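Structure at a glance
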Amino acid sequence: MFALGTARQVTEKNSTRQVHRTRRSYNWGGVREQLRPILQAEVRTSLQISFKELLKVFGLGAVALVLGVEWFDWLMRRLRVRGPLKEVLFFPSTQTCLEHLFTPNRSLPCTCPLPHGNETSFSRLLRHLLSARASLNLCVFSFSHMELSRMILLLHERGVTVRVVTDRDYMTITGSQIGTLRRAGICVRHEMSNAVHMHHKFAIVDGKKLITGSLNWTVTAVQSNKENIMVTEEPELVRPYLLEFQKLWEANDPAKHTHQVTNGQLN
């Protein structure tokens, strides 16, 4: 009886284990089947999210690229604006009132009949010349324009060092302002040679701004002729003119030549 009972217990235990094993296998398979669509849906959702995030990254990258290009273009424009001065002026120039350039702090408005407040090629030229703070070196063939003479006298009064090289023949023509400059104490030298004319027309402001072109400093040139002026601060262009002026200044030093008097003028 004991042996029979023991055998029965063993058989029941084995049956119970088999049932549990079968249940476990069956339950895992069912769970796996039930989880498969859920997992697949999660994977699809994750892929969709990843793709959307990827699009966002690419979109932000494209925006950053566009903004970077626009910023670089803006920066280059700013650098160009702040680069060396370059300006071209053409003549003839219309007549306008220039009193505000000579007396900017006057309390009463000018009552002359000329138009006021208009910017012209000539007013631009005067502004550039009046910007001198330390020096003005001038080579000019013919000089009879009184407003330009007034400008040089004003710079001289301000303490600006003014040096002028001109042509020996044209400095004595009627209306020439060279005598006026000399009487004011401004240093003027003229071409000492009888064989050539000093035909340059250029000015150098403070050793860094070049003003050059076809324009003689006469009323006819400013108001009637087709002329041009270029204004630049490009060092590569200014430097040769500085050297040329200094060469002419030294070559026409009166101390290096025999003094002669012609028509009351020292030659």
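Below you will find a few notes about this structure. These numbers come from a predicted model, not from an experiment. (Residues numbered from 1 in each chain as written. Predicted model: local features only at pLDDT ≥ 70, side-chain atom pairs only at ≥ 80, totals over all residues. Heavy atoms only, no water.)

Observations concerning the overall build of the protein
The test is simple: Secondary structure elements follow DSSP: runs of H or I no shorter than four residues count as helices, runs of E no shorter than two count as strands, and numbering proceeds from the N terminus. Note on classification: 1.4 Å probe, protein chains only; a residue is buried when its accessible area is under 20% of the maximum for its type, exposed when over 50%, partly exposed between these limits. Contact between two residues is taken to exist if any of their heavy atoms lie within 4.5 Å; hydrogens are not considered. To be clear on the numbers: accessible area is Shrake-Rupley with a 1.4 Å probe, and residue cover counts the displayed protein chains and nothing else.
Helix and strand counts for the protein come out as 7 helices and 9 strands. Counting over 267 residues, the protein shows a buried share of 31%. Across the protein, contacts joining residues at least 24 apart in sequence account for 72% of those joining residues at least 6 apart. Only carbon and sulfur atoms are counted for the fraction: they give 59% of the accessible area of the protein, which is about 17,500 Å².

Thoughts on the nonpolar core
Within soluble globular proteins, side chains that are nonpolar generally end up buried alongside one another. Let me state the cut-off plainly: We define a nonpolar core as any set of buried Ala, Val, Leu, Ile, Met, Phe, Trp, Tyr and Cys residues linked to one another through side-chain atoms lying within 4.5 Å.
Core analysis: the biggest nonpolar cluster contains 37 residues, and Leu129, Phe143, Met151, Ile152, Val164 and Trp217 have the highest contact counts within it. If sequence neighbours within four positions are ignored, Trp217 has contacts with Leu129, Leu138, Val140, Ser142, Phe143, Ser144, His145, Leu148, Met151 and Ile152. The next biggest cluster of nonpolar side chains, apart from the first, holds 10 residues, and it includes Cys139, Ile204, Phe245 and Leu248.

Quick word on the packing of aromatic side chains
Each pair of aromatic rings is reported with the distance of its centres and the angle of its planes. Here is the rule: Paired rings are identified among Phe, Tyr and Trp, the last through its six-membered ring, by centres lying within 6.5 Å, and are further divided according to the angle between planes into stacked (under 30 degrees), edge-to-face (over 60) and tilted (the rest). Charge-over-ring contacts are defined here by two conditions on Lys NZ or Arg CZ: a distance within 6 Å of the ring centre and an angle within 35 degrees of the ring normal.
Enumeration over the complete set of coordinates arrives at 4 aromatic pairs. Judged by centre distance (5.2 Å) and plane angle (85°), the ring pair of Phe143 and Trp217 falls under edge-to-face. Of this pair, Phe143 sits in the loop between strand 2 (135-140) and helix 4 (146-157) while Trp217 sits in the loop between strand 6 (209-213) and helix 6 (219-223); the two residues are 74 residues apart in sequence, bridging distant segments of the chain. The class of Trp217 is buried, set by a relative accessible area of 5%. A centroid spacing of 5.8 Å and a plane angle of 15° characterise the contact between Phe245 and Trp249, whose relative ring orientation is stacked. Remark: Trp249 and Phe245 occur in helix 7 (residues 235-251); sequence separation between them is 4 residues, near one turn of the helix. Both residues of the pair, Phe245 and Trp249, count as buried. Here the basic side chain of Arg150 rests over the ring of Phe102, its NZ or CZ set 4.1 Å away from the ring centre.

Let's talk about empty space enclosed by the protein
Our working rule: Using protein atoms alone on a 1 Å grid, points that fit a 1.4 Å probe yet trap it form a cavity, whereas open point sets bounded by protein on both sides within 12 Å along at least five of seven lines form a pocket; residues with an atom within 4 Å of a point count as lining. Grid points are joined across faces, edges and corners, and a volume is the space filled by probe spheres set on the points. Only Asp, Glu, Lys and Arg are considered charged in this grouping, and only Ala, Val, Leu, Ile, Met, Phe, Trp, Tyr, Cys and Pro are considered nonpolar; every other residue, Gly among them, is considered polar.
Tallied over the full model, the rule gives 1 cavity of 30 Å³ or more. Looking at the largest cavity, the residues that line it are Leu125, Leu138, Cys139, Val140, Lys201, Phe202, Ala203, Ile211, Leu215, Trp217 and Ile229. Counting residues per element, the ones that place at least two in the lining of the largest cavity are strand 2 and strand 5 (201-205). Classifying every residue of the lining of the largest cavity gives 10 nonpolar, no polar and 1 charged.

Brief notes about the layout of surface pockets
Size it by volume and the largest pocket reaches roughly 230 Å³. In this structure, the largest pocket is lined by 17 residues; those nearest its centre are Gln95, Thr96, Leu98, Leu114 and Glu147. If you list the elements that add at least two residues to the lining of the largest pocket, you get helix 2 (99-102), helix 4 and helix 6. Class assignment of the residues belonging to the lining of the largest pocket gives a composition of 7 nonpolar, 7 polar and 3 charged.

Structural notes on the pattern of salt bridges
A side chain with one charge can pair with a side chain of the opposite charge if their charged atoms come near. Convention followed: The rule for a salt bridge is simple: a side-chain nitrogen of Lys or Arg has to be within 4 Å of a carboxyl oxygen of Asp or Glu.
Evaluated as defined, the whole model comprises 9 salt bridges. Among the ionic pairs, Glu87 bridges to Arg124, the shortest N-O distance being 3.0 Å. Note that Glu87 is positioned in strand 1 (residues 86-91) and Arg124 in helix 3 (residues 121-130), a separation of 37 residues in sequence. Two residues, Arg189 and Asp253, come together in a salt bridge whose shortest N-O distance is 3.7 Å. Separated by 64 residues along the polypeptide, Arg189 in strand 4 (residues 187-190) and Asp253 in the loop between helix 7 and strand 8 (261-262) bring together distant segments of the chain. Neither Arg189 nor Asp253 differs from the other in exposure class; each is buried. Each of Glu87, Glu119, Arg124 and Arg127 takes part in salt bridges that share partners, so that together they form one network.

Description of a nonpolar patch on the surface
Let me state the cut-off plainly: Note that patches include only residues with greater than 30% relative accessible area and no salt bridge, and the join distances are 9 Å for like charges and 5 Å for nonpolar side chains (Val, Leu, Ile, Met, Phe, Trp, Tyr).
Taken together, the side chains of Val88, Phe90, Met230 and Leu237 make up a nonpolar region of the molecular surface, amounting to roughly 370 Å² of accessible area. Counting through the fold element by element, Val88 comes out in strand 1. Overall, Val88 belongs to the partly exposed group, its relative accessible area being 49%.

Structural notes on the side chain of Glu191
The cut-off we apply is this: Residues scored as charged are limited to Lys and Arg (positive) and Asp and Glu (negative), so that His and the chain ends carry no count. Polar contact is defined as a pair of N or O atoms within 3.5 Å, subject to the rule that within protein one atom must be able to donate a hydrogen and the other to accept it, and that residues adjacent in sequence are counted only when both atoms are side-chain atoms.
Among the structural elements, Glu191 can be located in the loop between strand 4 and strand 5. Of the side chains bearing the opposite charge, Arg168 lies closest to the buried Glu191, which forms no salt bridge; the N-O distance is 7.1 Å. Side-chain polar atoms of Glu191 contact the backbone nitrogen of Ser193, separated by 3.2 Å. Not counting chain neighbours up to four residues away, the residues in contact with Glu191 comprise Thr166, Arg168, Val196, Met198 and Asn252.

Structural notes on unusual backbone geometry
In the segment running from Phe91 into Pro92, the intervening peptide bond is cis, with an omega of 15°. Phi at Asp206 is positive, roughly 55°, even though this residue is not glycine. By secondary structure assignment, the location of Asp206 is in the loop between strand 5 and strand 6.

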